[in-house]
Amino acid sequence: MSAVTSATPVMRARAINKVFGATHALRGVDFAVMPGRVTVLFGENGAGKSTLMKILAGIERPTTGTLELFGEPVVLSGPRDAADRGVSIIHQELSLFPNLSIADNLYMGRERSRNGFTVDQRAQHARTRELLERLEEPLDPKTPVGVLRLGQQQLVEIAKALLQEARVLIMDEPTSALSAPEVEVLFRVIRELTAQGVAIIYISHHMEEALEIADHVVVLRDGGLVAEAEADEVDAGWVVERMVGRSQDELYTAAEPETGAEVLAVDDLVVADPGSAVRRAVDGVSLRLHAGEVVALYGLMGAGRTELLETLAGRLQAASGEIRLDGEQVPPGSIGDRIDLGLTLVPEDRQRDGLVQTMSVGENMSLASLGNYVRRLLVSRDAEREAVERTMKDVTVRAAGPKAPIGSLSGGNQQKVVLSKALLTNPRVLLLDEPTRGIDVGAKAEIFELMAAQAKRGLVVLFATSEVSEALNVPDRILVMAKGRIVREFRRGTATREEVMVASGETER
Amino acid sequence: MSNDTSTTAGPPTGSEAVRDLPSTSEGRRLKVINLVLELRAFIALFVLIVVFSLLSDAYFTWDNLITMTRHVAINALLAIGMLMVILKGGIDLSVGSIVGLAGVVAGVLLEGLRVDVLNVVIYPPVWAVVVLALMVGAGVGWINGTLVSRFNVAPFIATLGMLYVARGVALLISDGKTYPNLGGSEQLGNTGFDWLGGGEILGIPVSILIMVLFAVAAIVLTRKTAFGRWIYAIGGNERAAELAGVPVRKAKTRVYMISGVCAAMAGLIIASELTSAAPQAGETFELNAIAAVVIGGTSLMGGRGNVRGALIGAFVIGFLADGLVILGVSTFWQIVIKGSVIILAVILDQSQQRIQGRAAQMAAAKSVTPSGPAPASA
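This one's a predicted model, so the numbers in the text were calculated from it and none came from an experiment.

Draft legend 1. The overall build of chain B, seen in detail. Assigned secondary structure in chain B consists of 15 helices and four strands. Residues counted as buried form 51% of the 378 residues belonging to chain B. A sequence separation of at least 24 residues applies to 76% of the contacts in chain B between residues at least 6 apart.

Have a look at this one:
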């Protein structure tokens, strides 16, 4: 793979550290970006890729360490400053205005004008049309972005970056919503850009695809840069090994499974995609879960893991299919009804779905089980405090006390509060969606110990994950989900990393 | 690991951080400022009373205090309902119209409800009149709540609509006229309505006692019941509340019903005080109620605030307005001053948040130095 190479990096990060509260997201990362080359960043979720990208794009500031641009040290005051200096980012989450036209989106904040007062719509539309044609997506620049397919929206996002004529272009999962032909177009555009000397930093979960476009490969793990190589010297196996490392395997050692009677049975469950009328988020899933089991639900984003868990928890309604708990059919019902039956969900997004930020640690913990502490119409403070304090001790929540504000806790401890809230409802089946998202390695191990302890008490623990090492090392069984179906099942110790990743569709397109 | 639950994992935030401030001069200064801001509504009320007492002999007398508190009672009742709606993250603009509607309903019933089909006129007893008027208030609240929780209409819009609808219905029922005599008559056995607004128990006006009763009920409801906790949870994070199994829709609807009942009670008291009911009664009262809640330190975003604050807010507004009247300040200036006080209250609230933010930063800075409590790994 050839490209224009030159000896001096266009952008360089030196000894970057980033600390969020108690989480050390980046640890002394040195990173150089060469002009005219595609540098691909690999790393598991939480390895620090996105944080590093945000620092390079001026969205976050490093706690310590410096950035250099074209050989000069710089301090980026924000994304706009970075863009003005030639560093642009295409976000993983689309940052478009659905109510505005494609052209308006492209020119937001940098509108063209001839008289300094009114926007020069004609010039903007002409340039927008050019860019869209370059991406082989000849849309009308006046089309509102909201009516476009997700893939087209992603192309608009890419066009926006092209418009800025960046010298360094950061692409965070640019292909997640693109079809195969669209990916080819994108790769052609990337090649054109590198031929002009633009430096590309590229992140993707699709390993084969990323290796195809890569000139240079960098691997991050636990916030540190662990390996670097030329792309033609390495293969997927090499990357996976560096990404996961060996140390992770020793972290989680679950006891031998002792499974009991069947607790939860799901047959042919179908759930419509809340975002689309035709697609099925869960497409005919059947599974059996037994008392004392810890089961992982592995899959890529959009595989239907979250929807499956949320349907079991009563947040989404099934279109068809059957759920049985201890042999009894579970009727359709609210989240409250499912909690009463013993199905409790620890949601994926702690801040959005798990915590009430205006409430204390104790109030958050007791929220789902308040009914248990009501004596003669009033909530008994004593009963509540007793339950909260007992659970804080069991789950080792490190906080000043039940009255501490929830925001004062680290991510790991906040997650333990959400877990405690679920445990206080006395569940039969504990459903956890990405229970270790955004928490550090030590807290991860603690969360998994807690899950194993609950299973030992006879609970069923079903958790969704997108980290292979978690799926491989923690549970008794691994269910691999792809496109709304359970495509493979592995018993503990029978799967390899590659098998799991291939089954999920991660290493192929 | 299990026995160190007493140490903080992250640096403290909010009032917690202020409490932990170091006893340096900077830390002490912040502590004092925070305390002053914390008690600002109390202090404002105290200062008001002192200043007006110095300026006028007539201000700080038992009779005047009782009179002013009677005025406050109306707004306080509305503010109690409004507080709960705002705590859950909504707003209720219809309360002023409910005041008018409840009065009109009482007027119709006390003057005799004509049923043409049976060719009779029904004169319900006063207790039934009160209950029916309160039920009308609850009914309007139920419509508000249903619009918000079932049809996902934004609370501002739903209650703005009901502001017009309820007022229009009051005008329709009364045909735009005032019911002049709510005293009832001996023969019909429906006298005594004027007791609500004019009666006394042990020298204290009934309207003030009703305010106290509602306030105590609201404090118990918000602080001691599961329902109260739900309101705070919904206002703080509705999605999280829903996932915790809180019956969000039901709770929301009930909150609007409570607000409607509070407003209807206020409407009855006004009608009783005047022994007449005008369909225009209560216009713009919703704004006074919102102002009281805001002065009481409640966040319009929901989830933060309390009944005590809303009550003090109502007292600040009422005692200020009456004081200005006693001093003979022009009505126009009164309006300007009231508006300024509301804005000042919000500015002070913001600066308190800032102080707590600064304290949290100081605590965070302290936690990375090795002398502080070791930052936990998780």
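There's more to say after this.
Draft legend 2. Local environment of the nonpolar core. Ranked by internal contacts, the top residues of the largest apolar core, which has 207 residues, are Phe42, Tyr202 and Val217 of chain A together with Phe193 of chain B. With 17 residues, the top contributor of residues to this core is helix H4 (residues 62-87) of chain B. Discounting chain neighbours no more than four positions away, the residues touching Val217 of chain A are Val40, Phe42, Leu211, Ala227, Glu228, Ala229, Ala231, Val234, Trp238 and Val239 of chain A. Residues Val263, Val271, Ile339 and Leu345 of chain A belong to the second largest nonpolar core, which totals 33 residues.

Draft legend 3. How the structure looks around the domain arrangement of chain A. Residues and elements named next belong to chain A. According to the domain assignment, chain A consists of domain 1 (11-249), domain 2 (260-342 + 428-509) and domain 3 (354-426). Computed over C-alpha atoms, the centres of domain 2 and domain 3 are 25 Å apart. Facing twelve residues of domain 2, the contacting portion of domain 3 comprises 14 residues. Of the roughly 980 Å² buried between domain 2 and domain 3, counting both surfaces, carbon and sulfur atoms make up 70%.

Draft legend 4. Expanded view of the packing of aromatic side chains. Per the counting criterion, the structure on display carries four aromatic pairs over all chains. Measuring from ring centre to ring centre gives 6.3 Å for Phe187 of chain A and Tyr202 of chain A, while their planes differ by 70 degrees; the resulting arrangement is edge-to-face. With a gap of 15 residues between them, Phe187 of chain A in helix H6 (residues 180-195) and Tyr202 of chain A in strand S8 (residues 199-203) connect regions that are remote in the sequence. Centroid distance Phe315 of chain B to Phe319 of chain B: 5.4 Å. Interplanar angle 75 degrees. Geometry classified as edge-to-face. Separated by four residues within a single helix, Phe315 of chain B and Phe319 of chain B lie in helix H14 (residues 307-327), roughly one turn from each other. Judged on exposure class, the residue Phe315 of chain B and its partner Phe319 of chain B are both buried.

Draft legend 5. Examining the confidence of the model for chain B more closely. Residues and elements named next belong to chain B. Averaged over every residue, the pLDDT of chain B is 87; residues scoring 70 or more account for 89%. Predicted confidence for residues 1-12 stays below pLDDT 50, and this span has 35 contacts to residues more than four positions away or in other chains. Note that pLDDT drops below 50 for residues 367-378; the model gives that stretch 18 contacts with residues more than four away or on any other chain.

Draft legend 6. Quick peek at the packing of helix H9 (residues 206-224) of chain B against helix H10 (residues 226-236) of chain B. All names here are of chain B. At a minimum axis separation of 5 Å, H9 and H10 run at an interaxial angle of 70 degrees. Classified by the interaxial angle, the pair formed by H9 and H10 is roughly perpendicular. Taken together, the residues of H10 that come into contact with H9 (itself represented by Leu221, Thr222 and Lys224) are Ala226, Phe227, Gly228, Arg229 and Tyr232. Broken down by class, the residue content of the contact of H9 with H10 amounts to four nonpolar, two polar and two charged.

Draft legend 7. The sheet that holds strand S6 (residues 87-90) of chain A, seen in detail. Residue and element names in this part refer to chain A. If you trace the six strands from one edge of the open sheet to the other, you get S6-S7-S8-S3-S9-S10, paired in mixed fashion. This sheet does not close on itself; its edge strands, each paired only once, are S6 and strand S10 (224-230). In this sheet, adjacent strand axes meet at a mean angle of 20 degrees when their direction is disregarded. Two elements, S6 and strand S7 (residues 168-172), share four bridges in a ladder whose sense is parallel. Each residue of the ladder has a partner; that of Ile90, found in S7, is Met171. Its contacts with the sheet place H6 against strand S3 (38-42), S7 and S8, and it is angled at close to 145 degrees to S8.

Draft legend 8. Local environment of the pattern of salt bridges. One pass over the full model with this rule turns up 36 salt bridges over all chains. Between Glu293 of chain A and Arg477 of chain A there is a salt bridge, with its nearest N and O atoms 2.7 Å apart. Here Glu293 of chain A is found in the loop between strand S12 (280-290) and strand S13 (294-298), whereas its partner Arg477 of chain A is found in strand S21 (residues 477-482), with 184 residues between them in sequence. Across the pair Lys416 of chain A and Glu446 of chain A runs a salt bridge whose closest N-O atoms are separated by 2.8 Å. Of the two residues, Lys416 of chain A is situated in helix H15 (residues 411-423) and Glu446 of chain A in helix H16 (residues 441-456); the sequence distance between them amounts to 30 residues. Of the residues examined, Lys416 of chain A reaches a relative accessible area of 0% and is grouped as buried. Overall, Glu446 of chain A belongs to the buried group, its relative accessible area being 10%. Put simply, Glu310, Arg315, Asp349, Arg352 and Asp353 of chain A together with Arg239 of chain B are held in one network by salt bridges that share partners.

Draft legend 9. Broad picture of the pairing of strand S9 (residues 216-221) of chain A. Residues and elements named next belong to chain A. The element S9 is largely enclosed, with a buried count of five among its six residues. Sheet topology places S3 next to S9; four bridges connect them, and they run parallel. For Thr39, the partnering residue across the bridge sits in S9 and is His216. Sheet topology note: the S9/S10 ladder contains six bridges and is antiparallel. Its bridge partner being in S10, His216 is matched across the sheet by Glu230. The loop that links S9 with its antiparallel partner S10 comprises two residues; one of these, Asp222, has a positive phi angle of about 50 degrees.

Rules behind the numbers
Residues numbered from 1 in each chain as written. Chains lettered and ligands numbered in written order. Predicted model: local features only at pLDDT ≥ 70, side-chain atom pairs only at ≥ 80, totals over all residues. Heavy atoms only, no water. Helix = DSSP H or I, 4+ residues; strand = E, 2+ residues; numbered from the N terminus. Buried < 20%, exposed > 50% of the residue type's maximum accessible area, 1.4 Å probe, protein only. Contact = heavy atoms within 4.5 Å. Core = buried A, V, L, I, M, F, W, Y, C linked by side-chain atoms within 4.5 Å. Domains from an automatic or database assignment. Buried area = accessible area lost by both parts, 1.4 Å probe. Phe/Tyr/Trp six-rings, centres within 6.5 Å; stacked < 30°, edge-to-face > 60°. pLDDT = per-residue confidence, 0-100. Axes fitted to C-alpha atoms, helices over the stretch in contact; angles between N-to-C directions. Parallel < 35°, antiparallel > 145°, perpendicular 65-115°, else oblique. Nonpolar A, V, L, I, M, F, W, Y, C, P; charged D, E, K, R; others polar. Pairing = 2+ DSSP bridges. Salt bridge = Lys/Arg side-chain N within 4 Å of Asp/Glu carboxyl O.

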